[in-house]
Amino acid sequence: MEAAARLGRLRREAAEYYRGHRVPERMEEALNALFPLCPEDLYGELANYLSKFSKAPVICKLVGRKVFDGVGQPTLEVEIYCTVKNYEKRICSTVMATHSQIPENASSETIEADEKERNDSVHTAVEWVNESLNTMLRDLEPTDQCQADKMLGEYFANKLEEKKEIEKQEEEGQEGEEKKEEEEATKVAPAPASKSKPKKGGKGKKTTVEVKPIPPAEPAEPVLCGSLAIGGTSLAIAKAGATILHVPLYLHTALLKHNQESPKEMTLPLPMVTLLNCEKNSPTKLKLVKEVMLIPPVELSFKQGIERVLDIQKEITRLLESPGKMPPTLKGISRLGCLTTGYDSLEQLLLLMQIACNNIGLELGTDMYLALNCAAHELMDYGKEKYEILTGTFKSPDEMVAMYVEMINKFPFIIALIDPLRKEEREQWSSICCALGSKCYLIAEDAATQISKLKSDQNINIPTCSGVVLKYINQTKVSDLIELTGILDGQRHITILGSPDGESSDESLVDLAVGLGARFLKLGGLSRGERVAKYNRLLAIEEELAANGALR
């Protein structure tokens, strides 16, 4: 009797519970809606109909782990699990690309120190994700990118303050030790008496012309150990949000940028495909050019443009492999996914490009355009205060401007220069923009400051230029890119999303570029899996947008 009474009570409570959640009413609605359709999978359709009344998925777990990027360097992977319809479900993961500030000719000690720092940073990032961030972001809806990035930003700011406080204490302790040593030394040895020399006066005093020194190099931006966790988690949440909403990441990004207003049409960024990587520490003379990039004309589809680039790449390879035909030597494939060569002059390099194009019936300046990455910060000889453009040939900042003006006038098929000067040469950046701004894009990559500083200065804390290469690295968040591209758009700067040297197999950068409306996409060459995967992703997006009638 007691069991029956208990069962009756439970049934009444259950009925009350279901009525309170309008279950009978919704079941009737579902059955009435599905009856005329008579679907083959009735229960599947019922599940689909009722799922719209379920609670929004929330983050239940983050998993961070150490993995390896495309060049075998350690990096961070972030996995996101959500509670979906009462079950824990793996939604997605992202692998962060890494960026090294070590120059090509760095010493073995510098390289070893960089590797240790990288390992420590990844280890710390894994700890942050699995412990603090896992707890902090639990129960947050992955579709709320703004709130997630706000929390990540506050967490990073606190970690930065902790580091500054530790450094301050260490500095105070060191100063105390030095003061104590000075006091001890003073007790032992008395200070020597000072002897004053009479001033020499007289006739024939020489006057020297004061030479204005070049601005010193700004120190490299410090990278907080573990900062990969911030960028990796932000991007993983964006991917999870797109998955939950059943939209591609590029559309989710566009919706975030335009306050959930869906764009009617979307434009693909033009690819800057790296064809040649010119080693600056090679025995050949030319140091001015680090990367030679191909830019297809805008009237071609992305697919047509890439096929044309591949045709040129095949012909360049054939020319370089022909014995005795071309002076430069082919040294293999660089980490940028392109051919590595060296040249003795800029004219020699450009002649090779023209011959390759002519051989397959193409003309530079009509059927294909060039961009040059000069990486000028690597050319400066601080002893001479001049740039070394060829072995033994040096030019002052003003002479560099004159050289670029002559170059573009002579070779008008060069439509973009990346880092033609150091970021410290602000006066010369203004000069070169006045002289060439209407003829070619003048782009800051390493000449731009970090995204965090760019964002904090609404006037864009960079030299006068056409646009900026943005890289998704370290503590960069998706919201940072959205905010910064909005500022750049408003100031008529162009946005280029760039791939760092330590690229991963993650394709999200392409979706971000499309969603943010970037003008160019700089992904490296077409000869490494982690880079080719991104070009393939752009092919898929072009096909999808064209099929939906949304490709501008």
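Everything numeric in this text was worked out from a predicted model, so none of it was measured.

A.B. asks: So what exactly am I meant to see when it comes to the overall build of the protein chain here?
C.D. replies: A tally of helices and strands in the protein chain yields 15 helices and 15 strands. On the principal axes, the C-alpha backbone points of the protein chain span a range of 125 × 80 × 45 Å. Looking at the protein chain as a whole, 47% of its 552 residues are labelled buried. By sequence separation, contacts in the protein chain at least 24 residues apart represent 70% of the contacts at least 6 residues apart.

A.B. asks: What is the right way to look at a negative patch on the surface in this model?
C.D. replies: A surface patch of negative charge is lined by Glu161, Glu165, Glu171, Glu172, Glu175, Glu177, Glu178, Glu181, Glu182, Glu183 and Glu184. Its place among the elements puts glutamate 171 in helix α5 (residues 145-188). Of the residues examined, glutamate 171 reaches a relative accessible area of 48% and is grouped as partly exposed.

A.B. asks: Sorry, what's going on with the sheet that holds strand β9 (residues 386-390) here?
C.D. replies: As a general point, the strands of a sheet are linked pairwise by backbone hydrogen bonds and lie either parallel or antiparallel. Spatially, the three strands line up as an open sheet ordered β8-β9-β10, and their pairing is antiparallel. Single-partner strands in this sheet number two, and they are β8 (380-381) and β10 (393-395). Across two bridges, β8 lies against β9 in antiparallel orientation. Bridging from a neighbouring strand, aspartate 381 pairs with lysine 386 of β9.

A.B. asks: Honestly, the domain arrangement of the protein chain in this entry has me stumped. Any pointers?
C.D. replies: Where interface size is quoted, it is often the accessible area lost as the parts come together. Looking at the assigned domains, one finds that the protein chain contains domain 1 (1-52), domain 2 (58-156) and domain 3 (249-255 + 265-548). Summarising the inter-unit geometry, the C-alpha centres of domain 2 and domain 3 are found 28 Å apart. Note on domain 2 versus domain 3: buried area summed over both sides is about 1,800 Å², and carbon and sulfur give 52% of it. Scanning the region where domain 2 abuts domain 3 turns up zero salt bridges. Between the two partners, domain 2 and domain 3, sit seven residue pairs in polar contact (both at pLDDT 80 or more). With six residues, α5 is the single largest residue contributor to the side of domain 2 that touches domain 3. Considering only residue class, the side of domain 2 that touches domain 3 consists of seven nonpolar, nine polar and three charged.

A.B. asks: Quick question: what am I supposed to make of the packing of helix α4 (residues 108-136) against helix α6 (residues 228-245) here?
C.D. replies: When two helices pack together, their arrangement is given by the angle between the helix axes and the distance between those axes. Direction vectors running N to C along α4 and α6 enclose 55 degrees, while the axes themselves pass 8 Å from each other. Judged on the interaxial angle alone, α6 and α4 are oblique. Once α4 is placed against α6, the crossing between them reads as right-handed. For the pair formed by α4 and α6, the contact residues are Val122, Ala125, Trp128, Val129 and Leu133 on the first element and Leu228, Ala229, Ile230 and Thr233 on the second. Partitioned by chemical class, the residues of the contact of α4 with α6 number eight nonpolar, one polar and no charged.

A.B. asks: Would you mind showing me how to read the packing of aromatic side chains here?
C.D. replies: The relative placement of two aromatic rings is captured by the distance of their centres and the angle of their planes. Throughout the structure, instances matching the rule amount to four aromatic pairs. Centroid distance tryptophan 128 to tyrosine 155: 5.4 Å. Interplanar angle 85 degrees. Geometry classified as edge-to-face. With tryptophan 128 in helix α4 and tyrosine 155 in helix α5, this pair connects stretches of sequence that are 27 residues apart. Each member of the pair, tryptophan 128 together with tyrosine 155, is buried.

A.B. asks: What is the right way to read the pattern of salt bridges from this model?
C.D. replies: Between side chains of opposite charge, pairing is possible as soon as their charged atoms come close. With the rule as written, the count across this model stands at 26 salt bridges. The salt bridge partner of arginine 422 is glutamate 425, with a shortest N-O separation of 2.9 Å. Comparing arginine 422 with glutamate 425, the two get one shared label, buried. Because the salt bridges share partners, they merge into one network encompassing Arg65, Glu77, Glu79 and Arg90.

About the criteria used
Residues numbered from 1 in each chain as written. Predicted model: local features only at pLDDT ≥ 70, side-chain atom pairs only at ≥ 80, totals over all residues. Heavy atoms only, no water. Helix = DSSP H or I, 4+ residues; strand = E, 2+ residues; numbered from the N terminus. Buried < 20%, exposed > 50% of the residue type's maximum accessible area, 1.4 Å probe, protein only. Contact = heavy atoms within 4.5 Å. Patch = residues over 30% accessible without salt bridge, like charges linked within 9 Å, V, L, I, M, F, W, Y side chains within 5 Å. Areas by Shrake-Rupley, 256 points an atom, 1.4 Å probe, with all protein chains shown as cover. Salt bridge = Lys/Arg side-chain N within 4 Å of Asp/Glu carboxyl O. Lys, Arg positive; Asp, Glu negative; His and termini not counted. Charge placed at Lys NZ, Arg CZ, Asp CG, Glu CD. Pairing = 2+ DSSP bridges. Domains from an automatic or database assignment. Buried area = accessible area lost by both parts, 1.4 Å probe. Polar contact = N/O pair within 3.5 Å; in protein donor to acceptor, adjacent residues only side chain to side chain. Nonpolar A, V, L, I, M, F, W, Y, C, P; charged D, E, K, R; others polar. Axes fitted to C-alpha atoms, helices over the stretch in contact; angles between N-to-C directions. Parallel < 35°, antiparallel > 145°, perpendicular 65-115°, else oblique. Left-handed = near helix turned anticlockwise from the far one by under 90°. Phe/Tyr/Trp six-rings, centres within 6.5 Å; stacked < 30°, edge-to-face > 60°.

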